[in-house]
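Structural features, examined
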Amino acid sequence: MANKFAIVTGASSGIGLELARLAARDGYDLLVVADTPLVDAAAALKGEGVEVQSMETDLSTIEGVDRLLAAAGGRRIDLLCANAGHGLGGGFLDQEVSEWRHVIDTNVVGTVYLLQKVLRKMRDTGEGKVLITGSIAGWIPGSFQAVYNGTKAFVDNFAAAIRNELKEVKGITITTLLPGPVETEFFERAGMMDTKVGQSESKSDPADVARDGWTALMKGTDNIVSGISNKLQVAGAGVLPQSFTAEQHRKIAEPGSGKN
């Protein structure tokens, strides 16, 4: 019999690559996808004993998502890790429209379109697993990271809604992974290396975050906040005034807030 089949987006490095490793070790053939080259990621996964296909495509566009789905070749998707996302630091009024639009199109539009396409097929067959990478940022007003945090608030909320809509389909699991700051290329790509959070040495290990998400998905857990300190932040965000949490976020994300 053929192996199960998984698609992992944002898989060139970081959490996505670690999720792809876990899927491979659990016997899933892989289609790994990113908007950057995946040569190193594909090479790292080749030794896992499963079929690995990689492709570079822009998941901020409908056309890019369609290319991804076409690459699956009609194969049934047993698992989707919807992990692709982009950040953007700095003051909102100083950002170019093309910059913040790319964040929204990747994190929201592309993600929603991909989820709709994949979940329709899963509903038809009555089974499938989806892990959506949200963020604790969705719980916090993101001063100097406003658009990114806003998109993650959407993703966290949207995942909970579609989970409820599909609750009668017992064979489908939708889990939301909610990490805090993770030691990946995220902050460099978001232009946040001069910030306190960008320079922090206490960011989570992407392998640990991926493992938390994978374990929760396999248990059928609705959502998982990865890391004790992040759990405390989410708990606090539910009771503290937004003016306070926005000010706290400013202290770590404002340009120039880092040590250098």
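Just so it is clear, the model here is predicted, and its values are computed rather than measured. (Residues numbered from 1 in each chain as written. Predicted model: local features only at pLDDT ≥ 70, side-chain atom pairs only at ≥ 80, totals over all residues. Heavy atoms only, no water.)

1. Some remarks on the overall build of the chain
What counts is decided by this rule: Secondary structure counts use DSSP, requiring at least four H or I residues in a row for a helix and at least two E residues in a row for a strand, with both numbered from the N terminus. What the globule rule says is 2.2 Å times the number of residues to the power 0.38, and the radius of gyration is computed from C-alpha atoms. Per-residue accessibility, obtained with a 1.4 Å probe over protein chains only, is compared with the maximum for each type, and a residue is labelled buried under 20%, exposed over 50%, and partly exposed between these values. We call two residues contacting when some pair of their heavy atoms lies within 4.5 Å. In this description, accessible areas are obtained by the Shrake-Rupley approach with a 1.4 Å probe, and a residue is regarded as covered only by the protein chains that are shown. His is not counted, nor are the chain ends, whereas Lys and Arg count as positive and Asp and Glu as negative. Working definition for charges: the position is that of NZ of Lys, CZ of Arg, CG of Asp or CD of Glu.
When its secondary structure is counted, the chain shows 10 helices and seven strands. Relative to the globule expectation of 18 Å for 260 residues, the C-alpha radius of gyration of the chain, 18 Å, shows essentially globular dimensions. Counting only C-alpha atoms, the chain reaches 55 × 40 × 30 Å along its principal axes. Split into buried and exposed, the 260 residues of the chain put 50% on the buried side. Long-range contacts, defined here as pairs at least 24 residues apart, represent 67% of the contacts in the chain between residues at least 6 apart. Of the roughly 12400 Å² of accessible surface on the chain, 51% is carried by carbon and sulfur atoms. Here the chain contributes 26 positively and 32 negatively charged side chains, and the mean placements of these two sets differ by 6 Å.

2. Concerning the sheet that holds strand S6 (residues 172-178)
Definition in use: Only when DSSP finds a minimum of two bridges between them are two strands counted as paired. Interaxial angles span 0 to 180 degrees and are taken between N-to-C directions of axes, which are lines fitted to C-alpha atoms, for helices over the stretch in contact.
The seven strands lie next to each other as S3-S2-S1-S4-S5-S6-S7, forming an open sheet whose pairing is parallel. Lying at the two open borders of the sheet, with one neighbouring strand each, are strand S3 (52-56) and strand S7 (223-225). Across the sheet, the mean angle from the axis of one strand to that of its neighbour is 15°, orientation sign disregarded. Alignment of strand S5 (residues 128-133) against S6, held across six bridges, turns out to be parallel.

3. So, the packing of aromatic side chains
Here is the rule: Any two rings among Phe, Tyr and Trp, with Trp reduced to its six-membered ring, count as a pair given centres within 6.5 Å; such a pair is stacked if its planes are under 30 degrees apart, edge-to-face if over 60, and tilted if neither.
Enumeration according to the criterion identifies five aromatic pairs in this entry. Relative to Trp 214, the ring of Tyr 28 has its centre 6.1 Å away and its plane inclined at 90°; by these criteria the two rings are edge-to-face. One end of the pair, Tyr 28, is in strand S2 (residues 28-34); the other, Trp 214, is in helix H8 (residues 206-219), and 186 residues separate them in sequence. Trp 214 matches Tyr 28 in its accessibility class, with the two residues each being buried. Taking the centre distance of 6.3 Å and the plane angle of 50° together, the rings of Phe 92 and Trp 100 count as tilted. Judged by relative accessible area, which is 42%, Phe 92 ranks as partly exposed. Residue class for Trp 100 comes out partly exposed when judged on its relative accessible area of 24%.

4. Re the pattern of salt bridges
Two side chains that carry opposite charge are able to pair once their charged atoms sit near each other. Convention followed: Salt bridges are counted wherever a side-chain nitrogen of Lys or Arg sits within 4 Å of a carboxyl oxygen of Asp or Glu.
In total, this model carries 11 salt bridges according to the counting rule given. A salt bridge links Asp 29 to Arg 75; the shortest N-O distance between them is 2.8 Å. Of the two residues, Asp 29 sits in strand S2 while Arg 75 sits in the loop between helix H3 (62-71) and strand S4 (79-82), which places them 46 residues apart along the sequence. Residue classification places Asp 29 among the buried residues on the basis of a relative accessible area of 6%. Arg 75 sits in the partly exposed class, given a relative accessible area of 26%. For Glu 127, the salt bridge goes to Arg 76, with nearest N and O atoms at 3.3 Å. Taken together, the positions of Glu 127 in the loop between helix H4 (97-125) and S5 and Arg 76 in the loop between H3 and S4 put the pair 51 residues apart, joining distant regions of the chain. In this structure Arg 76 comes out as partly exposed when scored by relative accessible area, which is 43%.

5. Quick look at the packing of H3 against H4
What counts, and what does not: Left-handed describes a crossing whose near helix is turned anticlockwise from the far helix by less than a right angle; the clockwise case is right-handed. Classification convention: Asp, Glu, Lys, Arg as charged; Ala, Val, Leu, Ile, Met, Phe, Trp, Tyr, Cys, Pro as nonpolar; all other residues, Gly among them, as polar.
Relative to each other, H3 and H4 sit at 35°, their axes nearing to 9 Å. Considering only the axes of H3 and H4, their crossing is right-handed. For the pair H3 and H4, the contacting residues are Ile 62, Val 65, Asp 66, Leu 68 and Leu 69 in the first and Val 109, Gly 110, Tyr 113, Leu 114, Lys 117 and Val 118 in the second. Residue composition of the contact of H3 with H4, grouped by class: eight nonpolar, one polar and two charged.

6. Considerations on helix H1 (residues 14-25)
Quick reminder of the rule: One less than the residue count of a helix, multiplied by 1.5 Å, gives the span that helix is expected to have.
When the terminal C-alpha atoms of H1 are compared, their 17 Å separation across 12 residues agrees well with the 16 Å that a helix rising 1.5 Å per residue should span. Taking burial as the measure, the 12 residues of H1 include nine buried ones, the bulk of the element. Every buried residue belonging to H1 is among Gly 14, Ile 15, Gly 16, Leu 17, Glu 18, Leu 19, Ala 20, Ala 23 and Ala 24, and all of these are buried. Remark: Gly 27 follows H1 within two positions and exhibits a positive phi of approximately 90°.

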